[in-house]
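Inside the fold
Residue strings, one per chain:
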Amino acid sequence: MSTPLDIEGPAAPPRSNGELVFAEPWESRAFGLAVTLHEAGSFTWPEFRTALIARITAWTASGGPGGPYPYYRLWLGALEDVLAGLGVVSTDEVITRARALAQRAPGHDHRDHAH
Amino acid sequence: MTTTGGSDESPSVALRTEALEQLLTERGLIDPNVMDAIITRYETSVGPLNGAEVVARAWTDPDYRRRLLADGTAAIKELGFSGPQGEHIVVVENTPTLHNVVVCTLCSCYPWPVLGLPPSWYKDPAYRARVVREPRTVLAEMGLTLDDDVQIVVRDSTSEVRWLVLPERPSGTEHLTEAELVPLITRDAMVGVARVAAP
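Not measured: the values here are computed from a predicted model.

1. Examining the UniProt feature "binding site: Fe(3+)" (unreviewed entry) in chain B
Per the UniProt record, "binding site: Fe(3+)" (unreviewed entry) is found at Cys-104, Cys-107, Ser-108 and Cys-109 of chain B. Relative to the helices and strands, Cys-104 of chain B resides in the loop between strand 2 (98-103) and helix 6 (112-115). Once residues within four sequence positions are removed from consideration, Cys-104 of chain B is found in contact with Arg-49 of chain A together with Cys-109, Tyr-122, Arg-128, Asp-156 and Ser-157 of chain B.

The structure is reproduced here in structure tokens:
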């Protein structure tokens, strides 16, 4: 695939301006899910964008400004909205599965959840 | 569309994301290996260096510059950069009298193939709202003071158009080669919130 680039110096684009692309691992997964599904043809980008704008608008209207801007939380919400709208995965299914994952014994948790 | 209230009592976003990934994988809708490759690509290889190569080429090759301003997406693809959010890139040129600055007022649209993923400030509600209302003030706060006679044009992204700013080539760089120019060109200059400085 693509050749890994230098992670120092000018050849380190995503970090070269002093900023990591993703603050937490789940943000990269949420990003990857939307892009992968879009590239596989599950939805168009304008469909996703519309859902993202709806989440951002709702957050702003609810008086969000003042706290840290939860961009990828809104991104994930938009993705769930699109998938629920398409009948692919319902919100209830996501919550049920997430609660089941929360019950895992610590040693079986193969991903690092810092919270 | 379901808008779930009470997200506070819901599982954490990390668990929700993992749950969604599992469900989609089980249903054959995503291949985790494909997804890993996409994430790695945006974490390590797609970023402002691509845009810097485009700008340096435009500064040193007048024919390329013409093609870039006429059809950004096609000219950018000549250098091997294409992909999601790059389907309709429009390149606008900054001059001594006209300064373009890019925003997405509604969300976070950004030309991924040439700049990678947007920085936090670009997605921030304050930048999105204020740069439209008071661009001169916002740019000054970000360290770019423009004379009053410089016209500012705020370029708002739409569902299709992604903007890329072609910054002014700084004076004193006439002797530099294309390869020597590349490291001078920053992401912020290509969004229009900074100028390119001579070394």
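2. Points about the packing of helix 3 (residues 48-60) of chain B against helix 4 (residues 62-70) of chain B
The description of two helices packed together rests on the angle between their axes and the distance between the axes. All names here are of chain B. Across the interface, helix 3 lies against helix 4 with an axial gap of 5 Å and an inter-helix angle of 125 degrees. By the angle between their axes, helix 3 is oblique relative to helix 4. Relative to helix 4, helix 3 is oriented so that their crossing is left-handed. Residue-level inspection shows Val-54, Arg-57, Ala-58 and Thr-60 of helix 3 in contact with helix 4, the latter providing Pro-62, Tyr-64, Arg-65 and Leu-68. Across the contact of helix 3 with helix 4, the residue classes tally to five nonpolar, one polar and two charged.

3. Some points on the pattern of salt bridges
In total, this model carries 14 salt bridges over all chains according to the counting rule given. One salt bridge in this structure joins Glu-21 of chain B and Arg-29 of chain A, with 2.8 Å as the shortest N-O distance. In this pair, Glu-21 of chain B is assigned in helix 1 (residues 13-26) and Arg-29 of chain A in helix 1 (residues 25-39), connecting two distinct chains. The same class applies to Glu-21 of chain B as to Arg-29 of chain A, namely buried. Linked by salt bridges that have partners in common, Arg-29 of chain A together with Glu-21 and Asp-36 of chain B make up one network.

4. Some remarks on unusual backbone geometry
All names here are of chain B. Of note, Gln-85 is a non-glycine position whose phi angle comes to about 70 degrees, a positive value. Structurally, Gln-85 can be placed in the loop between helix 5 (72-78) and strand 1 (89-93). The exposure class of Gln-85 is buried, given its relative accessible area of 3%.

Reading the values: rules and limits
- Residues numbered from 1 in each chain as written.
- Chains lettered and ligands numbered in written order.
- Predicted model: local features only at pLDDT ≥ 70, side-chain atom pairs only at ≥ 80, totals over all residues.
- Heavy atoms only, no water.
- UniProt positions renumbered as here; feature names shortened; annotations may be inferred.
- Helix = DSSP H or I, 4+ residues; strand = E, 2+ residues; numbered from the N terminus.
- Contact = heavy atoms within 4.5 Å.
- Axes fitted to C-alpha atoms, helices over the stretch in contact; angles between N-to-C directions.
- Parallel < 35°, antiparallel > 145°, perpendicular 65-115°, else oblique.
- Left-handed = near helix turned anticlockwise from the far one by under 90°.
- Nonpolar A, V, L, I, M, F, W, Y, C, P; charged D, E, K, R; others polar.
- Salt bridge = Lys/Arg side-chain N within 4 Å of Asp/Glu carboxyl O.
- Buried < 20%, exposed > 50% of the residue type's maximum accessible area, 1.4 Å probe, protein only.

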